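Okay, here's what each chain looks like letter by letter:
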Amino acid sequence: MRIVVLAGGIGGARFLRGLKLAAPDADITVIGNTGDDIHLFGLKVCPDLDTVMYTLGGGINEEQGWGRTDETFKVKEELAAYGVGPEWFGLGDRDFATHIVRTQMLAAGFPLSAVTEALCERWQPGVRLIPMSDDRVETHVAVDVDGERKAVHFQEYWVRLRASVDAQAVVPVGAEQAKPAPGVLEAIAEADVILFPPSNPVVSVGTILAVPGIREAIAEAGVPVVGLSPIVGDAPVRGMADKVLSAVGVESSAAAVAEHYGSGLLDGWLVDTEDEGVVERVEAAGIRCRAVPLMMTDPEVGTAAAEMARVALALAEEVRGA
């Protein structure tokens, strides 16, 4: 079985760990979000790609879900002593090495997709990890601060501001001019199943779909497309997805996110048992829906995520046989 997964950061990475347990013989291609990418200290940082790579490769800090395990922050402390910022973004010493290697390879002329493949040679994540695009795409958020509207990088909005101000708009800068990375459209065309994990529907999966050609390829693939709701009981399972959903005019509910993707893209949708009452609404929108437990209660082991993946694959087969 060939499975394509559109993944953001922590939620996507933890779901992928479960998917590998649920379908150990599957050929899994992960199309990773690069809209969160940022340049810091002269280095190219790819938070979502690295979170997937570290999680599946056994190097992730399990408690926080991002960054390296057994991390130290001496370089960050020394930079701060020199007055060099930003101090709000916590790059650890081990993590710095990844970004240095990536930046050197990019400077030597290698595209991000080739760099990602090379980095994965060390981590052996057990999936093929492809960035959504080799072109530069960075998500920015429009906010009102002291009566003035300005755009900030998504990382600044999420990490420094902690989404404490309302997002007025979310813009994946550069997406319209970007092209899918080599292998992205081919993987979609050859897939047997396409999955949207419980990643942020606006700044993770949504940003991937904003790259011209990707949404269209998925809609035309002719295979089941199944998603898992990142919203449980009208609140994000993790993070602050409700803040960016509001910015694009979508209510923070499992049903509204399914409708946001739309029946032209989505064939099946899983909601948590807490949201069983919205199943009828989702199915009225032309999307087959089931209510199952969606909380990844044991992220470091992945058995809960594995059961979620099994149900998603079962729903895909149900859609295929309809």
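Procedures and definitions
- Residues numbered from 1 in each chain as written.
- Predicted model: local features only at pLDDT ≥ 70, side-chain atom pairs only at ≥ 80, totals over all residues.
- Heavy atoms only, no water.
- Helix = DSSP H or I, 4+ residues; strand = E, 2+ residues; numbered from the N terminus.
- Rg over C-alpha atoms; globule rule 2.2 N^0.38 Å.
- Contact = heavy atoms within 4.5 Å.
- Pairing = 2+ DSSP bridges.
- Right-handed = clockwise from strand over helix to strand, strands pointing away.
- Core = buried A, V, L, I, M, F, W, Y, C linked by side-chain atoms within 4.5 Å.
- Buried < 20%, exposed > 50% of the residue type's maximum accessible area, 1.4 Å probe, protein only.
- Salt bridge = Lys/Arg side-chain N within 4 Å of Asp/Glu carboxyl O.
- Axes fitted to C-alpha atoms, helices over the stretch in contact; angles between N-to-C directions.

J.: Would you mind going over the overall build of the protein with me for this structure?
T.: The secondary structure content of the protein amounts to 13 helices and 14 strands. Over its C-alpha atoms the protein spans a radius of gyration of 19 Å, differing by no more than 12% from the 20 Å that the globule rule assigns to 322 residues. Taking the principal axes of the C-alpha coordinates as reference, the protein spans close to 60 × 50 × 40 Å. A separation of at least 24 residues holds for 69% of the contacts in the protein among residues at least 6 apart in sequence.

J.: For this particular structure, what's the right way to read the pairing of strand β14 (residues 288–291)?
T.: Here is the key point about a regular strand: its side chains alternate between the two faces of the sheet. Here strand β13 (residues 268–271) pairs with β14 via four bridges, running parallel. Across the sheet, residue valine 271 finds its bridge partner in β14, namely alanine 291. Crossover handedness for the path β13 to helix α12 (residues 279–284) to β14: right-handed.

J.: Just to check I follow, could you spell out the nonpolar core for this structure?
T.: The tendency in soluble globular proteins is for nonpolar side chains to be buried side by side. Core analysis: the biggest nonpolar cluster contains 59 residues, and Leu6, Tyr157, Ile188, Ile194, Phe196, Ile218 and Trp269 have the highest contact counts within it. Of all the elements, helix α11 (residues 254–261) adds the most residues to this core, at six residues. Excluding anything up to four places from it in sequence, isoleucine 218 contacts Leu6, Ile188, Ile194, Phe196, Leu209, Val225 and Leu265. Phe15, Ala22, Met105 and Val292 belong to the second largest nonpolar core, which has 42 residues in total.

J.: Please explain unusual backbone geometry as it appears in this structure.
T.: Note on backbone geometry: most residues besides glycine have negative phi, and most peptide bonds are trans. Glycine 85 connects to proline 86 through a cis peptide bond whose omega is 5°. Relative to the assigned elements, proline 86 resides in the loop between α3 (74–81) and α4 (93–107). The backbone phi angle of glutamine 124 is positive, close to 50°, even though this residue is not glycine. Note on placement: glutamine 124 falls in the loop between α5 (112–123) and β5 (128–131). Notably, alanine 163 is not glycine yet its phi reads approximately 55°, a positive angle.

J.: Looking at this structure, how should I read the pattern of salt bridges?
T.: Any two side chains of opposite charge can pair, on the condition that their charged atoms come close. Counted by the stated rule, this structure contains 14 salt bridges. For arginine 149, the salt bridge identified is with aspartate 144, shortest N-O distance 2.8 Å. Of the charged contacts in the structure, one is a salt bridge between arginine 160 and glutamate 156, with a shortest N-O distance of 2.8 Å. In this pair, arginine 160 and glutamate 156 are both assigned in helix α6 (residues 154–160), four residues apart and thus about one turn of the helix distant. You can call arginine 160 partly exposed: its relative accessible area is 38%.

J.: In this structure, what is going on with the side chain of arginine 68? I would like to understand it.
T.: Along the chain, the position of arginine 68 falls in the loop between α2 (47–57) and α3. Those residues in contact with arginine 68 that sit more than four places away from it in its chain are Tyr54, Gly59, Ile60, Asn61, Arg94, Asp95, Arg122 and Trp123.

J.: What exactly am I supposed to notice about the sheet that holds strand β8 (residues 167–173) here?
T.: The strands making up a sheet associate through backbone hydrogen bonding, with each pair oriented either parallel or antiparallel. Here we have three strands laid out as an open sheet, ordered β7-β6-β8, and antiparallel in their pairing. The outermost strands of the open sheet, each flanked by one partner alone, are β7 (148–153) and β8. Within the sheet, the average angular offset between the axes of one strand and its neighbour, ignoring direction, is 25°. Where strand β6 (residues 138–145) meets β7, six bridges bridge the pair, whose relative direction is antiparallel. Looking at β7, one finds that valine 143 is bridged to lysine 150.

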